[in-house]
Amino acid sequence: QVQLVESGGGLVQAGGSLRLSCVGSGDTFTSSPILWYRQGQGEREWVATISDSGDNSNVDESVRGRFTVSRDNANSVVYLQMNDLKPEDTAMYYCRQISYGDYWGPGTQVTVSS
C-alpha cells in the first residue's frame, strides 16, 4: 500500500523560503520517480520531477533558479526546497508517484504574503 504525506507548508513573506517534504510508505517509493504539483486558483500544475535515484531532476521554468528537488531514499523522503518565494507561489502543493500505480498525497498549503 502506497501512501504519500506532504508537510512543511505554511505562511511566509515574499522572499522567504520553505522546504516541503514528501514522505512515502511502501516498497516502491524509493524505486519510483516522484513529482511535485501545485494548485492555486486555477488548474493543478506540474512543478518538479526527480528520478528514482535522485540523479536527475527537472523543474518548471516558472520556478527554475528558485526551487530545487532532492530526495533521501534512506529515509523515503523527497524534498522541494523553495527559495525567494513570491505571492504567485501560493498554492496547495502535492507530491505524486506514477510508478506501480498513480498515487497522490493530501497536500500541504503554502501561502506567500506580499
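Residues numbered from 1 in each chain as written. Predicted model: local features only at pLDDT ≥ 70, side-chain atom pairs only at ≥ 80, totals over all residues. Heavy atoms only, no water.

Engineer: I would appreciate a short explanation of the side chain of Ser32 in the present structure.
Structural biologist: Mapped onto the elements of the fold, Ser32 is located in the loop between strand S3 (18-25) and strand S4 (34-39). Within the structure, Ser32 has its side chain in polar contact with the side chain of Gln97 (distance 3.3 Å). In this structure, Ser32 is in contact with Asp52, Arg71, Gln97, Ser99 and Tyr100, ignoring residues within four places of it in sequence. (Helix = DSSP H or I, 4+ residues; strand = E, 2+ residues; numbered from the N terminus. Polar contact = N/O pair within 3.5 Å; in protein donor to acceptor, adjacent residues only side chain to side chain. Contact = heavy atoms within 4.5 Å.)

Engineer: Help me out: how do you make sense of the sheet that holds strand S7 (residues 67-72) in this one?
Structural biologist: Pairing between the strands of a sheet comes from backbone hydrogen bonds, and it takes one of two forms, parallel or antiparallel. Spatially, 4 strands are ordered S1-S3-S8-S7 in an open sheet, and the strand pairing comes out antiparallel. Each having just a single partner strand, strand S1 (3-7) and S7 make up the two edges of the open sheet. Each strand of the sheet is rotated relative to its neighbour by a mean of 15°, with strand direction disregarded. (Pairing = 2+ DSSP bridges. Axes fitted to C-alpha atoms, helices over the stretch in contact; angles between N-to-C directions.)

Engineer: Looking at this model, I keep getting lost on the state of the cysteines. Mind explaining?
Structural biologist: Note: disulfide means a covalent bond formed between the sulfur atoms of two cysteine side chains. Using the criterion set out here, one finds 1 disulfide in the structure. There is a disulfide in this structure between Cys22 and Cys95, and the S-S distance comes to 2.1 Å. The sign of the 70° torsion about the S-S bond sets the Cys22-Cys95 disulfide as right-handed. Note that Cys22 is positioned in strand S3 and Cys95 in strand S9 (residues 91-97), a separation of 73 residues in sequence. Each member of the pair, Cys22 as well as Cys95, carries the same accessibility label: buried. (Disulfide = S-S within 2.5 Å. Buried < 20%, exposed > 50% of the residue type's maximum accessible area, 1.4 Å probe, protein only.)

Engineer: Can you help me understand the pattern of salt bridges in this one?
Structural biologist: This model, assessed by the stated rule, comprises 5 salt bridges. Salt-bridge contacts for Asp89 lead to Arg38; the nearest nitrogen and oxygen are separated by 2.9 Å. Within this pair, whereas Asp89 is found in the loop between strand S8 (77-82) and S9, its partner Arg38 is found in strand S4, the two being separated by 51 residues in sequence. When its relative accessible area of 1% is taken as the criterion, Asp89 is described as buried. (Salt bridge = Lys/Arg side-chain N within 4 Å of Asp/Glu carboxyl O.)

Engineer: Mind showing me how you'd approach the environment of Gln41 here?
Structural biologist: Considering the arrangement of structural elements, one finds Gln41 in the loop between S4 and strand S5 (45-50). Spatially, the C-alpha atom of Gln41 lies 9.9 Å from that of Glu88, the residues being 47 residues apart in sequence.

Engineer: Can you walk me through the packing of aromatic side chains in this structure?
Structural biologist: Pairs of aromatic rings are described using the distance from one ring centre to the other and the angle between the two planes. Across all of its chains, the model carries 2 aromatic pairs by this definition. Ring geometry for Tyr37 versus Trp104: centroids 4.9 Å apart, planes at 55°, classification tilted. With Tyr37 in strand S4 and Trp104 in strand S10 (residues 103-104), this pair connects stretches of sequence that are 67 residues apart. Using a relative accessible area of 32% as the deciding quantity, one classes Trp104 as partly exposed. Between Tyr94 and Trp104, the aromatic rings sit 6.2 Å apart at their centres with planes inclined by 85°, giving edge-to-face as the arrangement. A residue pair is termed long-range when its members are at least 10 positions apart, and Tyr94 in strand S9 and Trp104 in strand S10 qualify at 10 residues. (Phe/Tyr/Trp six-rings, centres within 6.5 Å; stacked < 30°, edge-to-face > 60°.)

By themselves, these are just geometric observations and shouldn't be taken as functional.
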